[in-house]
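Residue-level listing of the chains:
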Amino acid sequence: QVQLVESGGGSVQAGNSLRLSCVASGRSISMYAVGWFRQAPVKGQEFVASITRGGFTKHYAESVKGRFTISRDNAKNTVFLQMDILKPEDTAVYYCAASNSFLENLDDPRRFGSWGQGTQVTVSS
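Trainee: I'd like a description of the overall build of the chain, backed by residues and values.
Mentor: In terms of regular secondary structure, the chain is built from zero helices and eleven strands. Going residue by residue from the N terminus, the α and β elements of the chain occur as β-β-β-β-β-β-β-β-β-β-β. Rg of the C-alpha trace for the chain: 13 Å, near the compact-globule value of 14 Å for 125 residues, within the 12% margin. Overall, the C-alpha framework of the chain stretches about 40 × 25 × 25 Å when taken along its three principal axes. When the 125 residues of the chain are sorted by exposure, 46% land in the buried category. Contacts in the chain between residues at least 24 apart in sequence constitute 59% of all its contacts with a sequence separation of at least 6.

Trainee: Describe the nonpolar core, and please don't skip the residues or the numbers.
Mentor: Counting 36 residues, the largest nonpolar core has W36, L81, M83 and Y94 as the members making the most contacts within it. Listed by contribution, the elements that provide at least two residues to this core are β3 (18-25), β4 (33-39), β5 (45-51), β7 (68-73), β8 (78-83), β9 (92-99) and β11 (119-124). With five residues, β9 is the largest single contributor of residues to this core. When sequence neighbours within four positions are dropped, the list of residues in contact with M83 reads N16, S17, L18, L20, R67, F68, Y94 and V121.

The rules behind each value
Residues numbered from 1 in each chain as written. Predicted model: local features only at pLDDT ≥ 70, side-chain atom pairs only at ≥ 80, totals over all residues. Heavy atoms only, no water. Helix = DSSP H or I, 4+ residues; strand = E, 2+ residues; numbered from the N terminus. Rg over C-alpha atoms; globule rule 2.2 N^0.38 Å. Buried < 20%, exposed > 50% of the residue type's maximum accessible area, 1.4 Å probe, protein only. Contact = heavy atoms within 4.5 Å. Core = buried A, V, L, I, M, F, W, Y, C linked by side-chain atoms within 4.5 Å.

From the geometry alone we can't say anything about function, so treat these as descriptive.
As structure tokens, this is what we get:
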């Protein structure tokens, strides 16, 4: 089982950027597709972005398309989420998750078996 640890969250003003990192241990992250999800207060879990093992296919939620970029560096066992033009509605705890699935365009949290502990992102107006 792979273990995941997120970092890079923080508090920023709207329009600014943050870069989240998800570092894997226990197994090579190259064995997994990886997704980012978020959960805001009084909201359910929301898919943000996912990336296939080789990084060739990336899938985004409509709400972040054009503002967020997912990428990975398998040599560093790390997946990134670059978040630009942040909005107050992006405020949430962000989680990375790993999936054994070979499907592209993964966005169903039930397909992800390993999860990190989350990192808080707060965007003020």
